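# What the coordinates show
For reference, the chains in residue letters:
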Number of protein chains: 2
Amino acid sequence: MGTAAAGDDVDRPLGDQQHKVNLSARRPFAQAVRTGLAETFFPDDPFRGFGALPPAARAWGTLKYFVPALEWAPRYGLDKFKYDLLAGVTIASLAIPQGISYAKLANLPPIIGLYSSFVPPLLYAVFGSSNNLAVGTVAAASLLLASIIETDVPPEENPQLYLQLFYTAAFFTGVFQTALGVFRLGLIVDFLSRSTITGFMGGTAAIIIMQQLKGMLGMKHFTSKTDLISVMTSIFHYRHEWKWQSAVLGICFLLFLLSTKILRKKRPNLFWVSAIAPFIIVVIGGVFAFLVKGNEHGIPIVGDLKKGINPLSISQLTFSEKHVNTAVKAGFLSAILALAEGIAVGRSLALIKNEQIDGNKEMIAFGIMNIAGSFTSCYLTTGPFSKSAVNFHAGCRTPMSNVVMSVCILLVLLFLAPLFKYTPLVALSAIIVVAMIGLIKVKEFCHLYRVDKFDFCICMVAFIGVIFFTMVTGLSASVGLSVLRALLHVARPNTCKLGSMASGEIFRDVRHYPHARNIPNVLVLQLGSPIYFVNAGYLRERILRWVEDEENTCKIDGQDLQYVVLDLGGVTSIDNTGIGILLEIHKSLDRKGIRIALTNPRLEVTEKLVLSGYIKDIIGEEWVFLTLKDAITACRYALQRSRSKEDGEV
Amino acid sequence: MGTAAAGDDVDRPLGDQQHKVNLSARRPFAQAVRTGLAETFFPDDPFRGFGALPPAARAWGTLKYFVPALEWAPRYGLDKFKYDLLAGVTIASLAIPQGISYAKLANLPPIIGLYSSFVPPLLYAVFGSSNNLAVGTVAAASLLLASIIETDVPPEENPQLYLQLFYTAAFFTGVFQTALGVFRLGLIVDFLSRSTITGFMGGTAAIIIMQQLKGMLGMKHFTSKTDLISVMTSIFHYRHEWKWQSAVLGICFLLFLLSTKILRKKRPNLFWVSAIAPFIIVVIGGVFAFLVKGNEHGIPIVGDLKKGINPLSISQLTFSEKHVNTAVKAGFLSAILALAEGIAVGRSLALIKNEQIDGNKEMIAFGIMNIAGSFTSCYLTTGPFSKSAVNFHAGCRTPMSNVVMSVCILLVLLFLAPLFKYTPLVALSAIIVVAMIGLIKVKEFCHLYRVDKFDFCICMVAFIGVIFFTMVTGLSASVGLSVLRALLHVARPNTCKLGSMASGEIFRDVRHYPHARNIPNVLVLQLGSPIYFVNAGYLRERILRWVEDEENTCKIDGQDLQYVVLDLGGVTSIDNTGIGILLEIHKSLDRKGIRIALTNPRLEVTEKLVLSGYIKDIIGEEWVFLTLKDAITACRYALQRSRSKEDGEV
């Protein structure tokens, strides 16, 4: 017994037939580093295929990469413009009420919402790579910005400074977004999982709807907090301010908007009805309020809107020590949020048309448009889902539709703005409520619950955190939980015992394939995921436990365990601690007279194992196999040999 | 063309021979959760095999688990005691000079060092599970504690409060350690990688050696900072305090200690010479200083040491709001550091004797001994490497050697303490320097550089951070870099293209095995590591890029790509975002007329893919295969069929 581990060489039972692991494959260091960096920061490899081009073409290609408009503009013609014109006018009719509504949501002067739909879309048309995205303000980020900036500067006390901080936050948002794009750190957005976004958007939609109770009931006073309990307390506390006129009008508007939504679902080609419905409401509501002098009869209106295009705001950016922290925090959080929404929207629409979106390029485009926006009286803009979907369904072909929208808004700003003075606030509230209802995706919650309970938890933490605490709390708790899960996955990778199937041709997990048979005297373990310091200690414990369990089973069968075969096919990398642990496992097993064999190490792992001397000095090259079948055959052969030797000696 | 993706069923080319993926395998939810929790928090499964026992035996087993002394004490006899006695006396002779030295290093009264070698070893003997560990104070943690507590309370200004904060920190250390053990969070210690520890210990050893220049030169004034630049500035600033007498004596001591170390390397059985050498130096130095009245001639001595055992210090613990933060911070950091050293030492020694160490049980033992220590005038203790190695080489058999050491220290405290008054400080410095030199592992640095450049960076960040900044900076920068690397590994998993080898029997990475051949019309990709939100976006980009590249290659060969086979064997888990990405990939490829086939999904992945409907509704059960060979055969067969159909139509 135990001779198998005694260090004598094994004859190759399969002779030339045996497949050998290529132990000499090794990438030069510089190449390995370059590949590693490229895969980390340039997973999309934007400049591939440039190498073969002449310098001029290469420069033109690079320029086209950074300014996608150069790609489509030269081939642009009337055939595409007629589609873009239609789409542009449609989204402009949506941009006006949405811009005013979301600005009100953020406690900003309503005109800022219109300004924000003028300059940023022009810039996106030049730098953006998505053909479907429509640029504008978004509800969630508006509320998030307001909730952060309010705690520093209450808008009632100092509306001017409050507005300045919005510009400054937009500036930082732009800087962060550009930096993330330039340094190719799109990675950060990856840490917002789909479950987090679903929960966060749902929770935000719920609190935004609650906020609209103020407008629907025509109230003047309201809490600046966003959580359910504060909002409900506030509504009942000021119940003497409730106005039935507002409520009746609001319910009429709501019913109208909802019916156009239902119409759209039943007849998808009538999508434009629901797209211009908000505009219709604003017009009808405005005319009605004007005729009945709504303001004096319990129907508050928007109030004065100045004529004229965006004034410059570059001199209003505030970098005073006292408030800059707030602006940076608001800017950073809304940058991440806006990117997550904008890129997700761009990608999902591109997917339908089978186009490609470059995340890092999009970040730079968003960044540029926000920096420019902060200089021209705009606050945070991104690619909101509702507007982009309308743009898409209206048949947009290129980012030119954004230019058309921008021109429409320009005309409104120059000539029509004062007319929107009479827009009843309740109309804006109804528009927001209907836009938000669709974001609470109950079906998605159920799906998550069915498929993955942990993902459901992550989603619910965001949802409940946003509703009962603050938006930042909900978001960070959910992201924290996701990252913890990621680390746990890494810290506790799955190992499984393989049994033989199909008369020894295939080896699979015995839990998964209960008819897979044990291999006498041999324990085959499949490892997965990288082996490194976080999980190395665990893997040692786990493998030694597998071995102990197997020894106990073997004892009952009257056999003894002689070989442990580690299938490294799923191990994508290994670090110094990992190699140390393999050594420790080897020592522990050696003491028990058990030999280790490795099968199918990947390139990266082979390199490290060879370099560290583990393969040559510790387990021996002849115990590294390309396939499990080879390894098992070799084990059996060595076992027979040692047994016949023992018999001979006896 | 494209018919393969048109949804018509494929006949099974292999008939009954084909191996099927077990799609119905599904663990009940409760079982999956239980297994998950057990693997996360009980990877060592301490109570396995208890289920079958009667309640009394089970209770006894549990008690023995928590009090390992019950395991060995009943079988303890004179045969073992003679070994433990020898080992205990040897480590006691080391504990006296080390205890005094490290207490001086932490700016504490030297007697605290002796106190700390009396109570904690007794407790460890009862609760500890390692037979080789010798308990005592450690240099790195002493300096770390001093550097944190000094910034809050300078020891010159308020030595009493300074000492109290050491007790309080030891109390928190104990609480943290116990909590980590009870809640099975040994996980946290896993985040200190071997590279981090190597670099940190090396850097700490270097700054501790620099600190000893104070003692070696007999200086009185010195900086409280630990970085190289402050220390060097301070030494030259106070150069008028240098005393040649101290320096000469110090060099003699150093040479003596180093020569015993060399002796030990050459003749391992004379290890005891180097083990008692520090004690010899203390005795000789003391006699010498007494005879020549060293204190008056440039050889500073330790000074008064009180007789008597540890006074109670429970009433001295300070929880005042002003200082408790410092104590908590110092306690937490030193808890992690002490655990990392203690557990690593225990494990590596146990490995040589082929014993098992239970990390979580060790944490509880360390925790109990530190809490009890903080009540009895001890500061932080753990299992230092030098002492434990001596214990091991002296032939200890059980934790009884700690009891013997403790009794020796008791005798010293009761009768001999005042004699150590004359110990020259320079002797202590020489002892520390020699103990520290071995911790700067230049060979290990070189090994790291050769095997893994990134690990080398992590190590150097700790090393340089500790030497040039502070210990906490070095440690946290290095841990941060390690965690970042872990996340990057997860965020950018390896994918590789497989080619066929051994006449289509085996499929391996084409970069690793350059002779692996392309499979016409089929692209085989091997994924690794879990697929989830962090890497899902990357994987989509990467897979679509592989497909594009392959299409370009195919075009040159005049073929077209019709199938993408994803080998999921290395994918240990998948989350909701991951499934969403698989869906997106399917849509993108479907549009190009390319079909996806999956091979060998693991149990956890199969469960999720079935539950979400991905397998049944999207790609179809007939396109999930157990082996790559089956998948390729099916692709070829379907291709032939569609071609012959086309030919027939033509």
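Here the structure is a predicted model, which is why all the values come from computation and not from measurement. (Residues numbered from 1 in each chain as written. Chains lettered and ligands numbered in written order. Predicted model: local features only at pLDDT ≥ 70, side-chain atom pairs only at ≥ 80, totals over all residues. Heavy atoms only, no water.)

### Some points on the relation of the copies chain A and chain B
Filter applied, for reference: The superposition of copies rests on a least-squares fit of C-alpha positions from residues with pLDDT of 70 or more in both. Any two residues having at least one pair of non-hydrogen atoms within 4.5 Å are treated as being in contact.
Between chain A and chain B, which share one sequence, the superposing operator has a rotation angle of 180° and an axial displacement of 0.0 Å; the RMSD is 0.1 Å. Here the copies are linked by what is in effect a two-fold axis. Both copies contact each other with a shared surface, as 100% of the interface residues of chain A are interface residues in chain B too.

### Let's talk about the packing of helix α7 (residues 139–152) of chain B against helix α10 (residues 194–216) of chain B
Residues and elements named next belong to chain B. Our working definition: The axes used here are C-alpha line fits, helices contributing only the stretch in contact, and every angle between their N-to-C directions lies in the interval 0 to 180 degrees. Here a helix means four or more residues in a row that DSSP labels H or I, a strand means two or more in a row labelled E, and each is numbered from the N terminus. In this scheme, roughly parallel covers angles under 35 degrees and roughly antiparallel covers those over 145, while 65 to 115 is roughly perpendicular and the rest are oblique. Lys, Arg, Asp and Glu make up the charged group, whereas Ala, Val, Leu, Ile, Met, Phe, Trp, Tyr, Cys and Pro make up the nonpolar group; the residues left over, Gly among them, are polar.
The interhelical angle for the contact between α7 and α10, taken along N-to-C directions, is 75°, at an axis separation of 10 Å. It follows that α7 is roughly perpendicular to α10 by the angle criterion. On the side of α7, the interface is formed by A139, A140 and L143, while α10 contributes T204, I207, I208 and Q211. A breakdown of the residues in the contact of α7 with α10 according to their chemical character gives five nonpolar, two polar and no charged.

### Description of the interface of chain A and chain B
Rules: Summed over both partners, the accessible surface that disappears when two parts come together, traced with a 1.4 Å probe, is what is meant by buried area. For salt bridges, the criterion is a side-chain nitrogen of Lys or Arg within 4 Å of an Asp or Glu carboxyl oxygen. Two N or O atoms form a polar contact when they lie within 3.5 Å of each other; inside protein one atom must be a possible hydrogen donor and the other a possible acceptor, and for residues adjacent in sequence the pair counts only when both atoms belong to side chains.
Each partner contributes residues to the interface: chain A has 98 residues there, and chain B has 99 residues. Summing the contributions of chain A and of chain B, the shared interface buries around 8600 Å²; its carbon and sulfur component is 54%. On the chain A side of the interface with chain B, the three residues burying the most area are H512, F533 and N576 of chain A, jointly 8% of the side's total. The tally of links from chain A across to chain B stands at four salt bridges. Across the contact surface, chain A and chain B share 14 residue pairs in polar contact (both at pLDDT 80 or more). Partitioning the side of chain A that touches chain B into residue classes produces 39 nonpolar, 27 polar and 32 charged.

### Looking at the sheet that holds strand β2 (residues 506–509) of chain B
Residue and element names in this part refer to chain B. To keep things clear, this is the line we draw: Here a strand pair is declared whenever DSSP counts at least two bridges between the two strands.
Spatially, six strands are ordered β2-β1-β3-β4-β5-β6 in an open sheet, and the strand pairing comes out mixed. If you trace the sheet from one side to the other, it starts and ends with β2 and β6 (624–625), each paired once. As defined by bridge partners, strand β3 (residues 522–528) adjoins strand β4 (residues 563–570) across six bridges and the pair is classed as parallel. By the bridge assignment, V522 is partnered in β4 with Y563.

### Looking at the side chain of D567 of chain B
Heads up, the rule is: The classification of residues rests on relative accessible area computed with a 1.4 Å probe and restricted to protein chains. Under 20% of the type maximum is buried, over 50% is exposed, and intermediate values are partly exposed. When charges are tallied, Lys and Arg are placed among the positive residues and Asp and Glu among the negative ones, while His and the ends of the chain are skipped.
Take D567 of chain B: it is sitting in strand β4. The buried charged residue D567 of chain B lacks any salt bridge partner; its closest oppositely charged side chain belongs to R602 of chain A, at an N-O distance of 6.7 Å. Contacts of D567 of chain B, omitting those with residues within four sequence positions, involve L498, L525, Q526, L527, T599, N600 and L628 of chain B.

### A look at the domain arrangement of chain A
Cut-off, in case you're wondering: By convention here, the domain bounds are inherited from an automatic or database domain assignment.
Partitioning chain A into structural domains gives domain 1 (3–29 + 492–649) and domain 2 (71–486). Between domain 1 of chain A and domain 2 of chain A, the C-alpha centre-to-centre distance is 57 Å.

### As for the packing of aromatic side chains
Spelled out, the test is: Between the rings of Phe, Tyr and Trp (Trp by its six-membered ring), a pair exists once the centres lie within 6.5 Å; its type follows the angle of the planes, with under 30 degrees stacked, over 60 edge-to-face, and the other angles tilted.
Under the defined criterion, the tally for this structure stands at 32 aromatic pairs over all chains. Ring geometry for F176 of chain A against F332 of chain A: centres 5.1 Å apart, planes inclined by 80°, an arrangement best described as edge-to-face. With F176 of chain A in helix α8 (residues 159–182) and F332 of chain A in helix α14 (residues 321–353), the pair connects residues that are 156 residues apart, well separated along the chain. In this structure F176 of chain A comes out as partly exposed when scored by relative accessible area, which is 24%. The class of F332 of chain A is partly exposed, set by a relative accessible area of 34%. Here the aromatic rings of F445 of chain B and F463 of chain B are separated by 5.3 Å at their centres, their planes lie at 70°, and the arrangement is edge-to-face.

### Observations concerning the environment of R239 of chain B
By the element assignment, R239 of chain B lies in the loop between α11 (228–237) and α12 (244–266). Through-space distance from the C-alpha of R239 of chain B to that of L351 of chain B is 48 Å; in sequence the pair is 112 residues apart.

### Focus: the sheet that holds strand β6 (residues 624–625) of chain A
Adjacent strands of a sheet form backbone hydrogen bonds with each other and so pair up, either parallel or antiparallel. Pairing is mixed in the open sheet, where six strands are placed in the order β2-β1-β3-β4-β5-β6 (chain A). With partners counted over all chains shown, the strands left at the sheet margins are β2 (506–509) and β6 of chain A, one partner each.

### Remarks on the pairing of β2 of chain A
All names here are of chain A. When strand β1 (residues 495–501) meets β2, the two strands line up antiparallel, connected through four bridges. By the bridge assignment, G499 is partnered in β2 with R508. In this structure, the hairpin formed by β1 and β2 is closed by a connection of four residues, where A502 is found at a positive phi of approximately 50°.

### So, the side chain of E550 of chain A
All names here are of chain A. Structurally, the position occupied by E550 is in helix α22 (residues 533–557). E550 sits in the buried class, given a relative accessible area of 6%. With sequence-adjacent residues up to four places away left out, E550 is seen in contact with K497, N518, V522, L523 and L561.

### With respect to the pattern of salt bridges
Applying the stated rule across the entire model yields 17 salt bridges over all chains. The salt bridge involving R511 of chain B is made with E604 of chain A; its shortest N-O contact spans 3.3 Å. Here R511 of chain B is found in the loop between β2 and β3, whereas its partner E604 of chain A is found in helix α24 (residues 603–611) on a different chain. Overall, the relative accessible area of 11% leaves E604 of chain A in the buried class. E550 of chain B is the salt-bridge partner of K497 of chain B, the closest N and O atoms lying 3.0 Å from each other. You can see K497 of chain B sitting in strand β1 (residues 496–501) and its partner E550 of chain B sitting in helix α22 (residues 533–557), a full 53 residues away along the chain.

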